[in-house]
Every structure is written in structure tokens, then in C-alpha cells.
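Architecture and fold: a report
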Amino acid sequence: MSLPLSAIVMLVFGCVVLYGGLAYFIYRALKKR
Amino acid sequence: MAAIGSAVGLGNVWRFPFVCYDNGGGAFLIPYFVALFTAGIPLMILEFSVGHWARSSPPNAFKKINKKWEWAGWWTVLMPFIVAIYYIVIMSWCFSYMIYSLDLRWGETADSFFKAFLGDTGSPLVFGGISIPVILGLIAIWFVVFFILYKGVERIGKVVALTVPLPTILLIILTIRGLTLPGALDGVSYYLTPNFSKLLDANVWLAAYAQVFFSLSLAQGIMITYASFLKKKSDLTNNAFIISLADAGTSFLAGFTVFSVVGYLAMNQGISIENLGTQIAGPNLTFITYPTAISLLPFAAAFFGFIFFIALLTFGIDSAFSMIEPISCSLNEKWKISKAKATGVMCIIGFLFSLMFSAGNGLHLLEIVDHFVANFGLVMIGLVECLVLGWMYTLSKLREHTNQTSDIKIGRWWEFLIKFVVPAVLFTLLVVSIVQNITNPYMGYPWWLIVVVGVTPLVTVFALSFILMKIKSEEEAAA
């Protein structure tokens, strides 16, 4: 069984917004130090 | 780090996957993200701003805004103490299960094992016997909470350096293991595939706002207290974003951990995931469904069982002590009671109240208290917080204070969200909950039981916040 396209879209969306966003703000915090 | 530890707790691992599943799977992520950015993060910035500006505990912070609002500060620190009383009971169960996982003591009958472990009578009205393992777990967890807190923030810093990254690493290990199991993809597909028709259901949006609100430890005085410890030049906005996204990211990850195993379990039992639906709610998921799946693992079952429960314990411990910290800080600030003494007294009181959940009706009492504290107590505090800070105080001053220390400047949109959007959402949540509870009494229990177990703690805490405001400190009495 493979993931439906809509599930893949949600997966990418979640990863980009949450983990991408988290990495960006941690990067900003580290850069400020 | 401590604030991340506080926000990320047991609710991320078992509550988020279930709420997500129940509200359209992948489709739930859309209102969830909207709620995160329109209510969660703005309120997080607000609490950070107040704590950092006042540099004191919540009662004193509200008092600085206006003397007559001090009670609201006491209200915000008393409510998480009530939460801690039953939260630590769940941690006590995790503690016992961590030990049981070493020899997979629940065997193939996790359902009956859990009932026997609690001495469950099946009704809140039948007291039953006392569960000794639960009491021993309570003693252990309350002692650990006291030990972490009594020396103040220095020790908290050392503890969270371990208890924030460790469970996250363990959760990643469990997720990898889960995703490599046969049938895991069915579970993930179930978790992520959106059912867009659910987006038209108002209850889904309410569930998303509620999940964000409770998961981030908002309206509990915790973020105000932690922000008061931050350095003067700390970037408030950046910190608020990091905590909120770390919390939501953990919930998202936990969805994979849980649903991969649920898919495996369904495949093993030869039934569809839909038929497991009622089994993946709250305590059932953690103490019945997951242990059952662990027993079925082809190898190293005890190892994965152990790391699952130790991950839960370490996720929970930061949240647990962060619920006690605001009240002990507030007692210390107002009446100069030493931190060790204030923490000790609160831990003893908390332990004694926790004992009421150690009997055979404990699980049912816990569900009633949790339902009312989560759906009414915290929502009411959040609403009051927005109304006091948004309407009784010049919100633009707090915005200016935040912008002075932050690289990312917040605009007037933030004031709009705090003044209008968040209160409107919380008010709607409250009204809907009240109507639902009046038309359908919780779990069909008699009204007198709901009033005694569910409403009384809320009313007591509300009254107590006024009493604590009225009792004068030595400085006030001398003035």
C-alpha cells in the first residue's frame, strides 16, 4: 500500500511549516548569540 | 528550554493523535495550523510579554496592571495546581508501566491487566480498593517534583537539559521502529489522509483551538512565570515561536509514532483501523492499545515498551513541575515564604489530593475533573486574561515592550487578535461546552456527582483566588 497524494501533501505541508519554521527560528536565535 | 519542556507533555503523545483522528485526520491539520497562528502564538507572545515586563509571578504581574485584578493572577496559578494533582496520577501509572514493561507483565490481555492494576470498579460511585502501585508511584513522582523545584531555577535548568531532548530522541526511535512495522503505512495513511468535508464542521475548528490552547500550557500562569526569569534582552517573539512550533512539531511526530503502531495492531488482529477507533482515546491508547501492540513486536518488545514509558515520564515531568512552580513562586513573592517551604507544602497538599484518584473509582473521577478543568477552567482563565490585558490595559504598551527586545516586530494585527479573535473563539468554546454539558450531562452521570467532582474544584479555586488576594502581605499590612 502507498500513501494517497492528499496524505503526501499534508505530510509535506506539516513538515515544512512545523520543522522548517522551528529550524528557522532556532537559526535566528543562534545567530543572535 | 524549560518552557518547551512545560508545553510538550503527555497531551502531545496521546491527545493530539486521537483528536486529529476524530476530526478528519489530515484535514484537522488545516484548522490546527490556523489555530496555532491566530490564537496559540499570539497568546504565547502575550504571556511572555506580561511576565517579562512585570518580572514577577502572575498575581504580582496582574496587580501591577491594576490592584483589583490580582485575583486573576492567583486564579491562573491555582488552576495548573489542580491539573497537576491528576496529571501526576497519570504519570504514576506510567511509572508502574515502565517497570511492568521490563517483563511485559500485561501479557496479551492489556485491557484486563489495566483494570486489575487500577482495581477499576467501572463506576465513579463505587469506591473499591486502594491501588498500592499507584500510591507508590505518586510518592515517587511528587518527591521528584519537590526535589527538582525546591532549589529554584538553577536546578530546573539542569533537569530540562536532559528531560527535553531525551524523550524527543526516544520518540524518534519509537517512530522509526513503528514505521518499519508491517501495516504501519495503513495507519499513517489513516492519520494523514484528509477528509475535507470535516472542515465545514464547527466542532472540528473548536477542537483545533482547544488542542492548541491546552497543549501550549497557556492560561496557566506558567509562561508568565518562566518569562519573568528571562534575561532583559531576551528575544520574546522568537522564543514564543520556537516553543509553539516545538510543541506542535512534537504532536505531529507523535501522530506517526502512534498511528504506525495502530496500523500494525489492526493488521495483526485482522481488523480495520476504524474498528480500533474507540480504543485509541486517552488512557486506552497509552495503557491498553500501545502495550498490546508492543507485546506483538517480533523482537526487543520489552526494550521498546520501556523506552515508550520512560519517554512519557520524561515528557510529563517538565510539565508537572512547571504546574507547581507558579504557585510556589507566587507564595514566595507575596509572603516571603521560602521557595523550599512553599514547594514542600504544595507538594504535600497535592499528594494528599492525588490519593483520591488511587482508589477503584479513580480513573472515572479523573476523567470528570479533567473534563471540567480543561473545558471550562482553562478556557475561562484564557478569556479573562485576554479581556484584562486587552481591554483594561493599554495593549500597545506590551507590544512596544515586546518589540524593544525582539528582532521580529509584531504589528497591530497582534492587538486585534488578542482583543477580538482569541476572546471570540474562547467565548464560543465556552458557550458550546456549557450547552453540550447541560443538554447531555457528562458521560450520563447524575448531576449531583458532576457538581461535586467537576464543578466544586473550579468554584473553590475561583473563591480561593479572591481570598489569597485579600490576605495582606507583611509589606501591605505595615503600610
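That block above? That's the structure.
Report on the accompanying structure.

What counts and what doesn't
- Residues numbered from 1 in each chain as written.
- Chains lettered and ligands numbered in written order.
- Predicted model: local features only at pLDDT ≥ 70, side-chain atom pairs only at ≥ 80, totals over all residues.
- Heavy atoms only, no water.
- Helix = DSSP H or I, 4+ residues; strand = E, 2+ residues; numbered from the N terminus.
- Areas by Shrake-Rupley, 256 points an atom, 1.4 Å probe, with all protein chains shown as cover.
- Rg over C-alpha atoms; globule rule 2.2 N^0.38 Å.
- Buried < 20%, exposed > 50% of the residue type's maximum accessible area, 1.4 Å probe, protein only.
- Contact = heavy atoms within 4.5 Å.
- Lys, Arg positive; Asp, Glu negative; His and termini not counted.
- Charge placed at Lys NZ, Arg CZ, Asp CG, Glu CD.
- Buried area = accessible area lost by both parts, 1.4 Å probe.
- Salt bridge = Lys/Arg side-chain N within 4 Å of Asp/Glu carboxyl O.
- Polar contact = N/O pair within 3.5 Å; in protein donor to acceptor, adjacent residues only side chain to side chain.
- Phe/Tyr/Trp six-rings, centres within 6.5 Å; stacked < 30°, edge-to-face > 60°.
- Lys NZ or Arg CZ within 6 Å of the ring centre and 35° of its normal.
- Expected span 1.5 Å × (residues − 1).
- Bend = angle between axes of the 7 residues up to and from the residue.
- Core = buried A, V, L, I, M, F, W, Y, C linked by side-chain atoms within 4.5 Å.
- 1 Å grid on protein atoms, 1.4 Å probe; cavity = no way out; pocket = protein on both sides within 12 Å on 5 of 7 lines; lining within 4 Å.
- Points joined across faces, edges and corners; volume = space filled by probe spheres on them.
- Nonpolar A, V, L, I, M, F, W, Y, C, P; charged D, E, K, R; others polar.

When you go through chain A residue by residue, the secondary structure sums to 1 helix and 0 strands. When the accessible surface of chain A is totalled, it reaches about 2,300 Å², and 74% of it is carbon and sulfur.

Each helix and strand counted, chain B has 21 helices and 0 strands in total. For a compact globule of 479 residues, the expected C-alpha radius of gyration is about 23 Å, and chain B comes in at 22 Å, within 12% of that figure. Considered along the principal axes of its C-alpha atoms, chain B spans approximately 70 × 50 × 45 Å. Within chain B, buried positions represent 62% of all 479 residues. Considering only intrachain contacts with a sequence separation of at least 6, the fraction spanning at least 24 residues in chain B is 84%. Split by element, the accessible area of chain B, about 17,800 Å² in all, is 69% carbon and sulfur. Across chain B, the 27 positively charged side chains and the 25 negatively charged ones have centroids separated by 12 Å.

Moving on to the interface of chain B and chain A. Facing the 28 residues of chain B at the interface are 21 residues of chain A. Summing the contributions of chain B and of chain A, the shared interface buries around 2,000 Å²; its carbon and sulfur component is 77%. On the surface where chain B and chain A come into contact, there are 0 salt bridges. Along the contact surface separating chain B from chain A lie 3 residue pairs in polar contact (both at pLDDT 80 or more). Elements represented by at least two residues in the side of chain B that touches chain A include exactly helix H3 (29-54), helix H10 (184-192) and helix H13 (236-269) of chain B. With 10 residues, H13 of chain B is the single largest residue contributor to the side of chain B that touches chain A.

Turning our eyes to something else, we now look at the packing of aromatic side chains. Residue and element names in this part refer to chain B. Tallied over the full model, the rule gives 45 aromatic pairs over all chains. Each ring, one from Phe372 and one from Phe376, has its centre 5.4 Å from the other, and the planes form 20 degrees; the classification is stacked. Of this pair, Phe372 and Phe376 both sit in helix H17 (residues 362-391), 4 residues apart, roughly one helical turn. Taken as a pair, Phe372 and Phe376 share a single burial class, namely buried. Each residue in the set Trp93, Tyr97, Tyr100, Trp106, Phe113, Phe114, Phe117, Phe287, Tyr290, Phe308 and Phe309 is aromatic and connected to the rest through ring pairs, giving one cluster. Of note, Lys419 hangs over the ring of Trp391, and the distance from its end group to the ring centre comes to 5.1 Å.

With that settled, the discussion passes to unusual backbone geometry. Residues and elements named next belong to chain B. Phi is positive for Ser217, which is not a glycine, with a value near 60 degrees. Looking at the element boundaries, Ser217 is found in the loop between helix H11 (202-215) and helix H12 (222-228). For Ser217, a relative accessible area of 6% puts it in the buried group. Located in the positive-phi region is Lys336, a residue other than glycine, with phi close to 55 degrees.

Moving on, we come to helix H5 (residues 70-100) of chain B. Residue pairs spaced three or four apart in an α-helix point in one direction, given the helix's 3.6 residues per turn. All names here are of chain B. With 31 residues, H5 ought to run about 45 Å at 1.5 Å a step, and its terminal C-alpha atoms sit 46 Å apart, in line with that. Along H5, the largest kink reaches about 25 degrees and is centred on Ile85. For H5, the tally of buried residues reaches 29 of 31 residues, placing the bulk of the element in the interior.

A few words on the pattern of salt bridges. Residue and element names in this part refer to chain B. Evaluated as defined, the whole model comprises 5 salt bridges over all chains. Residue Glu70 pairs with Lys334 through a salt bridge whose shortest N-O separation is 2.9 Å. On the criterion of sequence distance, the pair formed by Glu70 in helix H5 and Lys334 in helix H15 (residues 301-335) is long-range, its members being 264 residues apart. There is no split in this pair, since Glu70 and Lys334 are both buried. The closest approach of N and O atoms between Asp103 and Arg105, which form a salt bridge, is 3.3 Å.

Counting 188 residues, the largest nonpolar core has Trp93, Val145 and Phe321 of chain B as its most contacted members. Counting residues per element, this core draws most heavily on H5 of chain B, which supplies 23 residues.

To find the voids left in a structure, one rolls a probe of water-molecule size over its atoms. Residues and elements named next belong to chain B. Counted by the stated rule, this structure contains 2 cavities of 30 Å³ or more. Within this model, the largest cavity holds a volume of roughly 70 Å³. Only helix H9 (165-179), H13 and helix H14 (282-295) provide two or more residues apiece to the lining of the largest cavity. Looking at side-chain class alone, the lining of the largest cavity contains 9 nonpolar, 1 polar and 1 charged residues.

Attention now goes to the side chain of Ser465 of chain B. Looking at where Ser465 of chain B falls in the secondary structure, it is placed in helix H20 (residues 447-470). Apart from residues lying up to four places away in sequence, Ser465 of chain B is in contact with Trp71, Trp74, Trp75 and Leu78 of chain B.

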